[in-house]
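A structural walkthrough
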Amino acid sequence: MSIYREKVIDHYKNPRNFGKLDNPDIEVKESNPLCGDDIELYIKLNTNGSVADVKFSGKGCALSIAAASVLTEIISGKKLKELKRLNKKDIIKALDLPDPGPTRIECLLLPIKALKLGLTEYLKREVSNSKS
Amino acid sequence: MSIYREKVIDHYKNPRNFGKLDNPDIEVKESNPLCGDDIELYIKLNTNGSVADVKFSGKGCALSIAAASVLTEIISGKKLKELKRLNKKDIIKALDLPDPGPTRIECLLLPIKALKLGLTEYLKREVSNSKS
Amino acid sequence: MKLKGINVEAIRKDFPILKRKINGKSLIYFDNAATSQKPRQVINAISKYYSLYNANIHRTIHKLGVEATEAYENVRDKVVKFINAKHREEVLFVRNTTEAINLVAYSWGRANISKGDTILLTEMEHHSNIIPWQLLAKEKSANLKYIGITDDGFLKDDEIKEYLDNHPKILAITHVSNVLGTINPIKEIVRYAHKNGVIVLVDGAQSVPHMPVNVQDLDCDFLAFSSHKMLGPTGVGILYGKRELLENMEPFQGGGDMIKEVHLNYAKWNDLPWKFEAGTANIADVIGFGAAIDYLNKIGMENVRAHEVDLTSYALNKMSEIENLKIYGPIDVNYRCGVISFNIGNIHPHDVATILDSEGIAIRSGHHCAQPLMERLNVPAVNRASFYIYNTKEEIDIMVNVLKEIKEVFKI
Amino acid sequence: MKLKGINVEAIRKDFPILKRKINGKSLIYFDNAATSQKPRQVINAISKYYSLYNANIHRTIHKLGVEATEAYENVRDKVVKFINAKHREEVLFVRNTTEAINLVAYSWGRANISKGDTILLTEMEHHSNIIPWQLLAKEKSANLKYIGITDDGFLKDDEIKEYLDNHPKILAITHVSNVLGTINPIKEIVRYAHKNGVIVLVDGAQSVPHMPVNVQDLDCDFLAFSSHKMLGPTGVGILYGKRELLENMEPFQGGGDMIKEVHLNYAKWNDLPWKFEAGTANIADVIGFGAAIDYLNKIGMENVRAHEVDLTSYALNKMSEIENLKIYGPIDVNYRCGVISFNIGNIHPHDVATILDSEGIAIRSGHHCAQPLMERLNVPAVNRASFYIYNTKEEIDIMVNVLKEIKEVFKI
Ligand SMILES: Cc1ncc(COP(=O)(O)O)c(C=O)c1O
Ligand SMILES: Cc1ncc(COP(=O)(O)O)c(C=O)c1O
């Protein structure tokens, strides 16, 4: 049972910040075709560029849902710069997990992948907006 | 060297009854695509159905040439009935050979195969001649 | 622990991998539908080949080559007997079931399927029996039709008849579903198909390893199966085809060994079966496969089947006692093989498989290369436990206990 | 007996088959161009896989499957390094050289060759690099052209240029002739071909096992070779292809593992390299092939080549002393590999091979799957002795002595 600690199950059964946001600054979806997992992330930013509000929705295995849930907790209030530095270790630590092995790590990474994709898209948009 | 006894080499270097016959009763060709061997047999029969004259020509390895050569000796003067009974053992014995193994046996068999084919064709012709 | 003529304890000693510990627990291998484990007899046959008589085969004069050729061709005779083929020319060595089906789709299909023709499949096919036909249908503008399945996992009888009455060119159908375990009534289907002039290819990947299969009795036109699912090595599959059909087919791959004569602008093909075996064969693994057939013959395929029926009904009983555990496919063991697909509540199969793995139990979870069937069942994925001759009821008990614990962990 | 950095004595200890007696004599294995022998490292890698972590690969959650997947994919990385491919997606596992070439002829060929197009080959090709193109040419009404060879066994320079200037669609050419031993100047040919927009497939069956081969340096578009000729198991071959080309090609075989999504009427292909690996892979043998690459790397391909140059020049010297013995192919060892084809007077090669076999010496005799070349040389068959890392000058001496005795027996 080792990798399914209390915390994972708790986040999976009671996901934090589950839902959607209207008019988010960042809205992004990532999926893992292997598992059929889908994660959508919605983020609203403050004018100073920190996370004002975050929600996620989607379906998936316990690991991807718990990872998404804990990710929303981690990033709340954080600056964009700080978000870029997040990696799998942060998730693993926050969920109090042992090494999940090469196949299941993909599930844990899915929400972070979504976040990074969303950030890239957001920054591109910002650059082109400031140019125009 | 074991399988290349004196007798094989002798028949190969000095093939008996090498050549062709005009107007033979039996004329037949067999080949072994694996080796590229070709053997042609020519047989003239007496009125009593025994072998009056026999010649062979063709090209091939030492085993097929020696086997053809010794076959012409074996069948000279024999009755058709007796020819039908010939098999590889007769050739192996006549050439004083050990077992040549599954690949090379095909070479030894080539002349006998030619003979059997020739006999079958001859008898078919005879039957249809006697009918008409 | 003797089960219907099978001495499982003795058998287990032959499988070195069963001594393996996974996360400190003894390995319980329930992923046999994906690939089986191998007895030392098979492993040794391969080592022995490489250590004593490894050589390229056919047209070889030296002794190693003669021995290797004999051993390789002997295995063909073993396969002929094992499936009761009428002629040895009807058994071709390929890489796996997938290649066997592709060979038919390319060589028979390209010559016989034209625009507007129908290729008939079923909703329970493995991707290997779908994609080759999709590629063919696309190339030739032909149609694909799928026989549907009932909610309890059988092919719909009326659709079998209806679709066959419409004269498709070929029916490509699995003997046993790798997800549902359903054993399809191939003999009756073939009879009906032949009445309608329909060629039948049977995907035997999940049947030949698990029950007696007799091609003359089934009267199917083609049968495809894989060595690696029946104790043999990876890299070997069999395509059985009726001689007349194979004789009239053009070669699939071209190269060494499949020709009689080659000239700059044309070639003459070799006789069957070699016409379809281009290039250096997988000699070592064919020989290893021969050892696998010997092993299965010693047990007897009737006994293999009986053992699996016994295990499967035991497992079905135990598992159906677990609340919220849904089992897919027929319930009657007379109509199913030792493949049990299931889901527990809405717990994702990957979570179930991960937890089982942490207890040393190997099952498979996912779409099992049968996405159209997943769509039909309306699930993204299922768990699948599948059994073979070395599995025991004790192992099933351990799995069932872990499944119950999983429910507790997930609080359902 | 240290030869240019190779410790042959130590190497020989790794090959169990070299202890074999044939007709009471120690085996002398000179049939390496047909298939090489295998070191215990390779044999053990296969046994170990089956005994410890045999499982089906990709998308597996249980530990055995994870280990097997890792081991399998690691070998791809080894191959990438071995031939210096730019990307790991460029290395595909197939059955053998023959299948690699067929894959290109089907997948690239069907889409790119049309009526009237020319496919350019050479007169020294192996049947495996002729028949797939004949099949394609026939299907598409395309033309086949063959670059001729000079009497000393080289491609005709002027014909290379002339034919390439006429813009064939593809040139399929062997790197090293399996009969003449000739090493073709592939790098220069590719450069000239690319100037003319011609795709180049290189048959590396006889080069990759015997010398350093660097695909980025050669700049060829495709390279095909076989594990079994380079210490590895049967049943594994490699197709290298440039990424852009592979990306634009349709799959060859359809089935499990090569798809991302399957629906009833369409499918989405998997990423490279898996798009071309349908069905259960030959997992065990790919892993065995990895051990073969490790073994060759430990020796160093430069040293493998140096050892063969040494043996070949020794053998060429000794053999050319025998009157009436004709050697085919280049005389300068800088332009040839360790493959020596010969005839003695008009003694049939099968007689020569049989007598050598009775002395424990395994050579090959026949057309060597190169009938068009035999026609060009105007012989029905030749004898061929071919060397590898475990062969010695002493073995060559023994063969040369038997060849002399054969002349005596045959009184020529
Ligand atoms: C030059 C050449 N090409 C292709 C092949 C075919 O290799 P394989 O039989 O492994 O497909 C060979 C080996 O016989 C060869 O020597
Ligand atoms: C029903 C069925 N058909 C075909 C296959 C494909 O077999 P292979 O991967 O050996 O080609 C499988 C195995 O996964 C299967 O279960």
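For the structure itself, look to the data block above.
First, a word on what this report is: a plain description of the structure on this page. (Residues numbered from 1 in each chain as written. Chains lettered and ligands numbered in written order. Predicted model: local features only at pLDDT ≥ 70, side-chain atom pairs only at ≥ 80, totals over all residues. Heavy atoms only, no water.)

1. Concerning the site of ligand 2
The test is simple: Note on definitions. A residue lies near a molecule or strand when any single heavy atom of the residue is within 4 Å of it. N or O atoms closer than or at 3.5 Å make up a polar contact, with two conditions inside protein: a donor-capable atom paired with an acceptor-capable one, and, for residues adjacent in sequence, both atoms drawn from side chains. Surface exposure here means Shrake-Rupley accessible area, sampled with a 1.4 Å probe, where a residue is shielded only by the protein chains that are shown.
Lining the immediate environment of ligand 2, one finds 15 residues, of which Thr 98, Asp 203, Ser 226 and Lys 229 of chain C together with Thr 280 of chain D sit closest. Near ligand 2, the surrounding residues belong to chains C and D. One nitrogen or oxygen atom from the side chain of His 126 of chain C is found 3.0 Å from an oxygen atom belonging to ligand 2. Within the side chain of Lys 229 of chain C, an N or O atom sits 2.7 Å from an oxygen atom of ligand 2. For ligand 2, the protein covers 95% of the area, taking 390 Å² as the surface of the free molecule.

2. Quick notes on the side chain of Asn 32 of chain B
Formally: A run of H or I in DSSP becomes a helix once it reaches four residues, and a run of E becomes a strand once it reaches two; helices and strands are each numbered from the N terminus. Whether two residues are in contact is decided by their heavy atoms: any pair within 4.5 Å suffices.
Residue placement: Asn 32 of chain B occurs in strand β1 (residues 26–32). Residue contacts for Asn 32 of chain B: discarding those within four places in its chain leaves Asp 37, Glu 106, Cys 107 and Leu 110 of chain B.

3. Observations regarding the pattern of salt bridges
Residue and element names in this part refer to chain C. Put simply, the rule is: One side-chain nitrogen of Lys or Arg within 4 Å of one carboxyl oxygen of Asp or Glu is enough to make a salt bridge.
Inspection of the entire model under this criterion finds 63 salt bridges over all chains. Ionic pairing is found between Glu 139 and Arg 110, a salt bridge with its closest N-O pair at 2.8 Å. Within this pair, whereas Glu 139 is found in helix α5 (residues 131–140), its partner Arg 110 is found in helix α4 (residues 97–112), the two being separated by 29 residues in sequence. Three or more residues joined by partner-sharing salt bridges are found here, namely Glu 73, Arg 76, Asp 77, Arg 88 and Glu 277.

4. A word on a negative patch on the surface
Put simply, the rule is: Patch membership is restricted to residues that have no salt bridge and whose relative accessible area is over 30%. Joining uses 9 Å for like charges and 5 Å for the nonpolar side chains Val, Leu, Ile, Met, Phe, Trp and Tyr. Charge assignment: positive for Lys and Arg, negative for Asp and Glu; neither His nor the chain ends contribute. Each charge is placed at NZ for Lys, CZ for Arg, CG for Asp and CD for Glu.
Together, Asp 157, Asp 158, Glu 162 and Asp 165 of chain C make up a region of like negative charge exposed at the surface. Here Glu 162 of chain C lies in helix α6 (residues 157–165).

5. Quick notes on the interface of chain C and chain D
Many descriptions give the size of an interface as the accessible area lost when the pieces come together. Operational definition: Accessible-area loss on putting two parts together, using a 1.4 Å probe and summing over both, is the definition of buried area adopted here.
Each partner contributes residues to the interface: chain C has 93 residues there, and chain D has 93 residues. In total, chain C and chain D occlude about 7200 Å² of area from one another, counting both sides; carbon and sulfur atoms represent 54% of this. When the buried surface of chain C facing chain D is broken down by residue, Tyr 50, Ile 61 and Leu 264 of chain C rank first, second and third, together holding 10% of it. Where chain C touches chain D, the interface holds 4 salt bridges. In this structure, Glu 99 of chain D engages Arg 95 of chain C in a salt bridge whose closest nitrogen and oxygen atoms are separated by 2.7 Å. The interface formed by chain C and chain D contains 57 residue pairs in polar contact (both at pLDDT 80 or more). Here the side of chain C that touches chain D gets 7 residues from one element, more than from any other, and that element is helix α2 (residues 40–53) of chain C.

6. Describing helix α2 (residues 62–75) of chain B
All names here are of chain B. The following threshold applies: A helix's residues, less one, multiplied by 1.5 Å, set its expected span. Summary of the burial criterion: residues with accessible area below 20% of their type's maximum are buried, those above 50% are exposed, and those between are partly exposed, where the area comes from a 1.4 Å probe applied to protein chains only.
An ideal rise of 1.5 Å per residue puts 20 Å on 14 residues; α2 measures up with 20 Å between its terminal C-alpha atoms. In terms of burial, α2 is a largely internal element, 13 of the 14 residues being buried. In the stretch just after α2, Gly 77 is the one whose phi turns positive, near 80°.

7. Some words on the pairing of strand β1 (residues 26–32) of chain A
Residues and elements named next belong to chain A. Our working definition: In this analysis, strands are considered paired if DSSP registers two or more bridges between them.
In this structure, β1 lies alongside strand β2 (residues 37–45), joined through 7 bridges in antiparallel fashion. In the strand pairing of β2, Ser 31 is matched with Asp 38. Counting the residues in the hairpin turn of β1 and β2 gives 4 residues, including Gly 36, whose phi is positive at 75°.

8. Let's talk about the site of ligand 1
What counts is decided by this rule: Classification convention: Asp, Glu, Lys, Arg as charged; Ala, Val, Leu, Ile, Met, Phe, Trp, Tyr, Cys, Pro as nonpolar; all other residues, Gly among them, as polar.
Neighbouring residues of ligand 1: 15 residues in total, closest Thr 280 of chain C together with Thr 98, Asp 203, Gln 206 and Lys 229 of chain D. Near ligand 1, the surrounding residues belong to chains C and D. A distance of 2.6 Å separates an oxygen atom of ligand 1 from a polar side-chain atom of Ser 226 of chain D. Interatomic distance of 2.7 Å between a side-chain N/O atom of His 228 of chain D and an oxygen atom of ligand 1. Burial of ligand 1 by the surrounding chains reaches 95%, relative to a free accessible area of 390 Å². A class-by-class count of the residues in the shell around ligand 1 yields 1 nonpolar, 12 polar and 2 charged.

9. Observations regarding the interface of chain A and chain C
At the junction of the two partners, chain A supplies 16 residues and chain C supplies 16 residues. Interface of chain A and chain C: buried area, both sides summed, is about 1300 Å²; carbon and sulfur atoms make up 60% of it. In this assembly, chain A and chain C are joined by 2 salt bridges. For Arg 104 of chain A, the salt bridge is made with Asp 351 of chain C, and the minimal N-O distance between the two is 3.1 Å. At the level of elements, α1 (6–13) and α2 (62–75) of chain A are the ones that each hand at least two residues to the side of chain A that touches chain C. When the residues that make up the side of chain A that touches chain C are grouped by side-chain class, the tally is 10 nonpolar, 2 polar and 4 charged.

10. Some words on the sheet that holds strand β10 (residues 199–203) of chain C
Residues and elements named next belong to chain C. We count it as follows: Each axis is a line fitted through C-alpha atoms, taken for helices only over the stretch in contact, and angles between the N-to-C directions span 0 to 180 degrees.
Sheet architecture is open: 7 strands sit in the order β6-β12-β11-β10-β9-β7-β8, paired in mixed fashion. Taken across any chain shown, the strands that pair with only one partner, and hence form the sheet edges, are β6 (91–94) and β8 (143–147). Averaged over all pairs of adjacent strands, the angle between their axes in this sheet comes to 20°, without regard to strand direction. In terms of strand pairing, β10 meets strand β11 (residues 222–226) through 3 bridges, oriented parallel. Looking at β11, one finds that Leu 201 is bridged to Phe 222.

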